[in-house]
Amino acid sequence: MSAPFREVEIDLDALAANVARFAELTEGAPLFVEVGADAWGHGLAVVVPALAGLGAQAFVVARADEARAVRALAPEQLVVTTQHAPDDDFAWAGEADAVPMVRSIDEFRRAAEAGVQGVVLAEDTGEGLPGLSAEDLAAVMAEADARGIPAMLDSAFPVVGAELFGVSEFGDAAPEFEPVLRLWAPLAALKRVGAGEGVSYGYTYRTAAETTLALVTLGYGDGVSRVAGNVVRASIDGVARTIAGRVAMDAFMLDLGDEAPALGTPVTVLGDARRGEPTAHEHAEALGTHGAEITTRLTARPRRAGKGGRA
Amino acid sequence: MTATATIDLSAFQRNIRTLAAAVAPVPVMVMLKADAYGHGIAGVAGPAVEAGVAALGVLEIDEGLALRAAGVRAPLFAWLHGTGADFAAAAEHGVDVGLSTLDELRQALAQPLAAPLAVHLKIDTGLHRNGATTADWPALVRAAVEAERAGRIHVRGVFSHLADAGAEADAAALARFEAAVAEARRLGASPEILHLAASSAGLYLPAARFDLVRFGIAAYGVSPFDDRTAAEIGVEPVMTLTAPVVEVGDGRAVVATGWGDGLHERAAGAASLAIAGRRRPVLAIGPDRLVVGDADDATVGAEAVVFGPGRDGEPTPADWAAWAGTIGDEILTRIHPRVPRHHVFR
């Protein structure tokens, strides 16, 4: 098979640094990590074994099929699911050895009947999704005790999510943590064109002078937004330039002026500002969203590959 | 209990037949890149062939090899190659390749080619993505003709991409294309298949059809035009995205899908979806859930239709594109791999 030429590189050393920072900030709280949506686009197959090795005790996902995927990667850890069908029989939870978070007495009983190894009890907070009232909670805890099913309150189960990967769901830059993901592709082609030439679909960019255009094989088929053209930046050797023209499904262009980097030089679209690379947060600000959505929207096309970490 | 993308293969085949009839007698290629625009390439390749396409287009050789391994026998075409591209495998398994540069050609010729590699030379007609520049074209053609005479490749086609930048730009591109073809013939090439048009030009610019029209987004039922709907060009959306209602209360309903499934969070506030055939405004989109209003009558377990063909009150992919500030191609392509695709004939 051909060598891949677009990649989501996962920096396992940065992930380890984030785990250490999390321990510092929480004064040693247990590491329960939310890894839904393919670990915010980072790739379960790479990050779940790494986090297990870094001491994660539990993984939280929304759905049954995600729980199965995590279980296959993490035999020892607790796997918690948060989203179930109204009439779910929880048969899958027994098979995947998953622990459902339940929001009603009825849901608890269905899970208990299926023989789950434990439950997390969601308390009603008066906002967001409904949960168990104080009265129901007492009833469920007594019943769980009688059935011999370990039950844990969700308030005693603090979960860290996208921040552990250096991206935030809340519009900030997750400043306490380092970016873990780098989306890059090797420079595929260079082309010399004259002044006034339109670039990419719709000619939304025109060259100002004779220049060199670089072809980068990343597009919205990989999860780089189509509207990122002329708005967000990509970097070569730590120098970031705004993408020239519209991002297509499979490629975008950079206007390099008189620079002529070698073919194959890495072009980074999402990375770490300390290396002069654009970040998910920077992309998010330009595109009116948050960093977690920027990484989550990466499709399966760029392969995920771990870098660093313990041998 | 997850969001599900139902792929209506009957609609897909109707679209292909409609598009083929629109450009007949010119044959069509259906594009299957980016996992068939999010529809699942393994599920749609066979039905595309059954619908009578002349060829299937993918992006990279590996995708073509995967189709061959799955038993697809139709002509295949791949046109974007990394430095490690396996041209030997392309030759062995009959995957035609598009080549843009002398470097790419040399890379191919450096590999053992068990059979002549079928090559389509690409001229840049103004998109300025890949494709040889006018200045580089003669050298590329000469080298290709020489390799053809040596029995290593077969120059089967000449192709390009239009920039969708208006009629004037299309006319200029068409002229550049014809000039490049004429020059290639002068230099000794005899390409049998000239192809330039994708969905848009295929439908509105007959002069761009040549020997093959490459249909991408239109085959999946989304109009390539700003000013003509899918229905107006006779195609229907192939993908329907549904998800169950998981909570109700206070006139709102929570639906089990969100940006973790590939919806665009920025569409919240503008977007709507259908429950029981009636539109409900999408108020907020989270990773795994979204919240709709106007849902007093909604019940837990009801099916919400996020988008679909639009026949039962639901929005279409084009509606979501308008709400998210993009095009239908991106709406469909971004539906996350964690969303199961169910391929059905209706």
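Everything quoted here is computed from the prediction, not taken from an experiment.

What counts, and at which threshold
Residues numbered from 1 in each chain as written. Chains lettered and ligands numbered in written order. Predicted model: local features only at pLDDT ≥ 70, side-chain atom pairs only at ≥ 80, totals over all residues. Heavy atoms only, no water. Helix = DSSP H or I, 4+ residues; strand = E, 2+ residues; numbered from the N terminus. Buried < 20%, exposed > 50% of the residue type's maximum accessible area, 1.4 Å probe, protein only. Contact = heavy atoms within 4.5 Å. Areas by Shrake-Rupley, 256 points an atom, 1.4 Å probe, with all protein chains shown as cover. Lys, Arg positive; Asp, Glu negative; His and termini not counted. Charge placed at Lys NZ, Arg CZ, Asp CG, Glu CD. Buried area = accessible area lost by both parts, 1.4 Å probe. Salt bridge = Lys/Arg side-chain N within 4 Å of Asp/Glu carboxyl O. Polar contact = N/O pair within 3.5 Å; in protein donor to acceptor, adjacent residues only side chain to side chain. Nonpolar A, V, L, I, M, F, W, Y, C, P; charged D, E, K, R; others polar. Pairing = 2+ DSSP bridges. Axes fitted to C-alpha atoms, helices over the stretch in contact; angles between N-to-C directions.

Participant: Could you give me a rundown of the overall build of chain A, with the residues and numbers involved?
Facilitator: Counting its regular elements, chain A contains nine helices and 16 strands. A principal-axis box enclosing the C-alpha atoms of chain A has dimensions of 80 × 40 × 40 Å. Residues classed as buried in chain A amount to 56% of the 311 residues present. Within chain A, residue pairs in contact and separated by at least 24 positions form 63% of the contacts whose partners lie at least 6 positions apart. Here chain A has roughly 11,900 Å² of accessible surface; of this, 51% comes from carbon and sulfur atoms. Side-chain charges in chain A split into 25 positive and 45 negative, and the spacing between the mean points of these groups amounts to 9 Å.

Participant: Report on the interface of chain B and chain A, specifying residues and quantitative values.
Facilitator: Contacts between the two partners involve 61 residues from chain B, matched on the other side by 59 residues from chain A. At the boundary of chain B with chain A, total buried surface from both sides reaches about 4,800 Å², with 58% on carbon and sulfur atoms. It is His128(B), Arg129(B) and Trp259(B) that lose the most area in chain B upon contact with chain A, and together they represent 15% of the buried surface on that side. Linking chain B to chain A there are six salt bridges. Linking chain B with chain A are 21 residue pairs in polar contact (both at pLDDT 80 or more), by the criterion used here. Elements with a minimum of two residues in the side of chain B that touches chain A: helix H2 (33-37), helix H8 (167-186), strand E10 (239-249) and helix H12 (328-333) of chain B. Split by residue class, the side of chain B that touches chain A holds 23 nonpolar, 19 polar and 19 charged.

Participant: Outline the sheet that holds strand E4 (residues 78-81) of chain A, listing residues and values.
Facilitator: Residues and elements named next belong to chain A. Read from one edge of the open sheet, six strands run E2-E3-E4-E5-E6-E7, paired in parallel fashion. The sheet terminates laterally at strand E2 (32-34) and strand E7 (151-153), the two strands that pair on one side only. Ignoring which end each strand starts from, the neighbouring axes of this sheet average 25 degrees apart. Sheet analysis places strand E5 (residues 99-102) next to strand E6 (residues 119-121), joined by two bridges and oriented parallel. Within the sheet, the bridge partner assigned to valine 102 lies in E6 and is leucine 121.

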